[in-house]
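Observations on the model geometry
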Amino acid sequence: MAKDMTEGSLARALVEFSIPLILSGVLQQLYSWADAFIVGNIEGGAALAAIGSTTSVIYLFTGAITGFTNGISILAAKYFGEGKNDVLRKLLSSFALSMGLLFLVLSAFGFCFVESILHILDTPEDIHQMSGEYLRIVLTGIPFITVYNVYAAVLRGCGDSKAPFYSVMVSSAANVVLDLLFVGVFQWSVAGAAAATAISQIAMMIFMIGYTIKRYEVLRSGPGGKRIDRTVLTDGCAFSFPLTLNSVISSLGSAALQSFMNSFGSTTVAAISTAYRVDSIIMLPVMNLGAGISTVTSQNLGAGRMERVKKGLYVGIGLMAAVAVCMTVFVINFGGLLLALFGISEESVAIGQSFFRGLAMFYVLFGVSAAIRGYIQGIGEVKFTSFVGISSLAVRIAMSYILKPFFGNMVIAYAEVISWWYMFIMYGGRLILHRMKAQKEQHVR
């Protein structure tokens, strides 16, 4: 149910809000983990590389969806803090319908140009056909995951982080069962793994809609209600567009980096794509604490609780640093063991383990940057965070090509660390300027 974060302990509110989101993220990653683990161990490294080679394309869609709905979540938190329940209802119905239709068209477009996409990504010839089969089927689930994310975003803004966990739990169980059936029993290889993912995404959307209708009377649209409100749609798009642009450009950049990574061959593709699967779960506490900081900031801003807005940042940074230290210790000691579970070769495991070591020592840096970013987004400065996100990607891509002659395939890790330093400097500088401006205004008064 909805949770008011404008009262009580901030640390407790952040932890209670973030834990279900972290668990949700873990279960969501099981979609790709189950695909990779089952396909890798049953079909081999080539099939695993085929799935990994499509990651950047799928991220292009999901990144746009996530970026936009992050903006919706921040707006929903502000409206919740202000007590504008009627606007929350319009926000949900307007974007669930409009975004669902938009991504239905976009996924159909992507389906028609799969071969061209794989060619642009310089997909290795030995996995080209399997990559195409996997991508086509996964794209059919995009409209359903879009509607799910809109519902989840509005509920997160209301302080309800348990609903996404429940829905993902249902769909993850379905995905694992269907993976075992389609890949292990029917031997449909990567096509079976893709079908399992798409079907489970449909189940996730259905569960979320049913949960919202049952638990949130205030979010139900009546029979004669207006499904799409132009004013709310316009306001939501104006706020969410910078975050969407950031996500889309970041995903396109990831596609460029995917092509860059593919140039090292299928062994490196299997190693790094598998390492990123592991890393995506390890990073969940950081990403979701950042989302929690945004929600706490926006709710309290809407309620006019400025002292809690300021205090929430410092509490968030402290929690983030502690979590990042734990992540570093875990990855250095167990990263290689996790990679080996996916059935990749010993050479790929060694490459992936070196990749982890290159990143892990800087998790605290990334975590503190994410905490500050969450605060800045929560106070509504999404254009700045989007600019930093886009420019940091440019830094990462440039460093990848510049440093390639010196570090080989490990440049993928080192270039990412350099982009983290850039983000830390930019967000930290913005925060200092924001504090100086606030102190100056207070002194004038």
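Bear in mind that the values here come from a model prediction, so they are computed numbers and not experimental data. Each chain has its residues counted from 1, following the order in which its sequence is written. Confidence filtering applies because this is a predicted model: local features only for residues at pLDDT of at least 70, side-chain atom pairs given and counted only at 80 or more, and all residues used for totals across whole chains, interfaces and linings. No hydrogens and no water enter the side-chain calculation; it runs on all heavy atoms of the structure.

1. Some points on the overall build of the chain
Rules: Helix and strand labels come from DSSP, where a helix needs a run of H or I of at least four residues and a strand needs a run of E of at least two; each type is numbered from the N terminus. With the radius of gyration taken over C-alpha atoms, the globule rule is written as 2.2 Å times the number of residues to the power 0.38. Partly exposed residues are those whose accessible area sits between 20% and 50% of the maximum for their type, while under 20% is buried and over 50% is exposed, using a 1.4 Å probe and protein chains only. Only heavy atoms enter the contact rule, under which two residues are in contact if any of them lie within 4.5 Å. For the accessible areas, the method is Shrake-Rupley and the probe is 1.4 Å, while residue cover comes only from the protein chains on display. The sign given to each residue is positive for Lys and Arg and negative for Asp and Glu; His and the chain ends receive no count. Taken as the charge location is NZ of Lys, CZ of Arg, CG of Asp or CD of Glu.
Across its full length, the chain carries 17 helices and zero strands. For the chain, whose C-alpha radius of gyration is 21 Å, the value lies close to the compact-globule estimate of 22 Å for 445 residues. Per-residue burial over the chain gives 54% buried out of 445 residues. Within the chain, contacts between residues separated by at least 24 positions form 86% of all contacts whose residues are at least 6 apart in sequence. With the model as given, the accessible surface of the chain reaches about 18,600 Å², and the carbon-plus-sulfur share is 66%. Distance from the positive charge centre (30 side chains) to the negative charge centre (24 side chains) of the chain: 13 Å.

2. Section: the nonpolar core
In globular proteins that are soluble, nonpolar side chains generally tend to be buried together. Short version of the rule: To form a nonpolar core, buried Ala, Val, Leu, Ile, Met, Phe, Trp, Tyr and Cys residues must be joined to one another through side-chain atoms within 4.5 Å.
Ranked by internal contacts, the top residues of the largest apolar core, which has 60 residues, are Ile72, Leu91, Phe95, Tyr134 and Tyr148. Per-element tally for this core: the top contributor is helix H3 (residues 55-82), with eleven residues. Once residues within four sequence positions are removed from consideration, Leu91 is found in contact with Ile72, Ala76, Tyr79, Val154 and Val232. In terms of nonpolar packing, the next biggest core, distinct from the first, is built from 58 residues, Phe342, Ile344, Phe356 and Ala413 among them.

3. Here's the deal with the environment of Lys310
Within the element layout of this structure, Lys310 appears in helix H13 (residues 306-340). Here the alpha-carbon distance between Lys310 and Asn300, two residues ten residues apart in the chain, equals 9.7 Å.

4. Topic: helix H15 (residues 363-378)
Keep this limit in mind: Expected span, for any helix, means 1.5 Å times one less than how many residues it has.
Look at H15: 22 Å from first C-alpha to last across 16 residues, which is about the 22 Å you get at 1.5 Å a residue. Most of H15 is tucked away, with 15 of its 16 residues classed as buried. Two residues or fewer past H15, Gly380 is found with a positive phi of approximately 100°.

5. Looking at the pattern of salt bridges
Note that side chains of opposite charge can pair when their charged atoms are close. In plain terms, the rule: When a carboxyl oxygen of Asp or Glu lies within 4 Å of a side-chain nitrogen of Lys or Arg, that pair is called a salt bridge.
One pass over the structure, following the stated rule, counts eight salt bridges. Glu115 is the partner of Arg136 in a salt bridge, and the nearest nitrogen-oxygen pair spans 3.1 Å. In this pair, Arg136 is assigned in helix H6 (residues 128-139) and Glu115 in helix H5 (residues 114-120), connecting sequence segments 21 residues apart. The residue Glu416 makes a salt bridge to Arg396 at a minimum N-O spacing of 3.6 Å.

6. Some remarks on the packing of helix H11 (residues 266-282) against H13
Basically, it comes down to this: Inter-axis angles, ranging from 0 to 180 degrees, are taken between N-to-C directions of lines fitted to C-alpha atoms, where helices are fitted over the stretch in contact. Handedness of a crossing follows from how the near helix is turned relative to the far one, being left-handed for an anticlockwise turn of less than a right angle and right-handed for a clockwise one. Lys, Arg, Asp and Glu make up the charged group, whereas Ala, Val, Leu, Ile, Met, Phe, Trp, Tyr, Cys and Pro make up the nonpolar group; the residues left over, Gly among them, are polar.
One can describe the packing of H11 onto H13 by two numbers: an axis separation of 11 Å at closest approach and a directional angle of 145°. Read as a crossing pair, H11 and H13 show a hand that is right-handed. Together, Thr274, Ala275, Val278 and Ile282 of H11 and Met327, Val331, Leu338 and Leu339 of H13 make up the contact between the two elements. Here the residues of the contact of H11 with H13 sort into seven nonpolar, one polar and no charged.

7. Remarks on the environment of Gly304
Along the chain, Gly304 falls in the loop between helix H12 (284-302) and H13. Distance in space between the C-alpha atoms of Gly304 and Gly81 is 8.5 Å, their sequence separation being 223 residues.

8. Let's talk about the packing of helix H7 (residues 142-157) against helix H8 (residues 162-185)
Under the convention used in this document: Each angle is binned into one of four classes, with values under 35 degrees roughly parallel, values over 145 roughly antiparallel, values of 65 to 115 roughly perpendicular, and all other values oblique.
It is at 8 Å that the axes of H7 and H8 come closest, and there the two elements cross at 150°. Classified by the interaxial angle, the pair formed by H7 and H8 is roughly antiparallel. Residue-level inspection shows Tyr148, Ala152 and Leu155 of H7 in contact with H8, the latter providing Ala163, Pro164, Ser167 and Val168. For the contact of H7 with H8, the class distribution of residues is six nonpolar, one polar and no charged.

9. Thoughts on a nonpolar patch on the surface
Stated formally: Residues with no salt bridge and a relative accessible area higher than 30% make up the patches, which join like charges within 9 Å and nonpolar side chains (Val, Leu, Ile, Met, Phe, Trp, Tyr) within 5 Å.
A cluster of nonpolar side chains, Leu181, Val185, Phe186 and Trp188, forms an exposed patch at the surface whose accessible area comes to about 380 Å². Considering the arrangement of structural elements, one finds Phe186 in the loop between H8 and helix H9 (189-215). Assessed through its relative accessible area of 40%, Phe186 is described here as partly exposed.

10. A word on the packing of aromatic side chains
Operational definition: Two rings from Phe, Tyr or Trp (for Trp, the six-membered ring) form a pair when their centres sit within 6.5 Å of each other. Planes less than 30 degrees apart are called stacked, planes more than 60 degrees apart edge-to-face, and all others tilted. Look at NZ for Lys and CZ for Arg. If either is within 6 Å of the ring centre and within 35 degrees of the ring normal, a charge sits over the ring.
Per the stated rule, a full pass over the model turns up 14 aromatic pairs. Ring centres of Phe330 and Phe334 lie 5.4 Å apart, and the angle between their planes is 40°; on these two criteria the pair is classed as tilted. Remark: Phe334 and Phe330 occur in helix H13; sequence separation between them is four residues, near one turn of the helix. Their ring planes at 40° and their centres at 6.2 Å tell us that Tyr363 and Trp420 sit as a pair that is tilted. With Tyr363 in helix H15 and Trp420 in helix H17 (residues 411-444), this residue pair connects regions lying 57 residues apart in the sequence. Both residues of the pair, Tyr363 and Trp420, count as buried. Connected via pairs of aromatic rings, a cluster forms that spans Phe165, Tyr166 and Tyr211. Sitting over the face of the ring of Phe384, Arg430 holds its NZ or CZ atom 4.5 Å from the ring centroid.

11. Things to note about unusual backbone geometry
Of note, the phi angle at Gln187 is positive, near 55°, even though the residue is not glycine. When you line up the elements, Gln187 lands in the loop between H8 and H9. A relative accessible area of 60% means that Gln187 is categorised as exposed. Residues other than glycine seldom take positive phi values, yet Ser189 does so here, at roughly 55°. With respect to the element layout, Ser189 can be found in helix H9.

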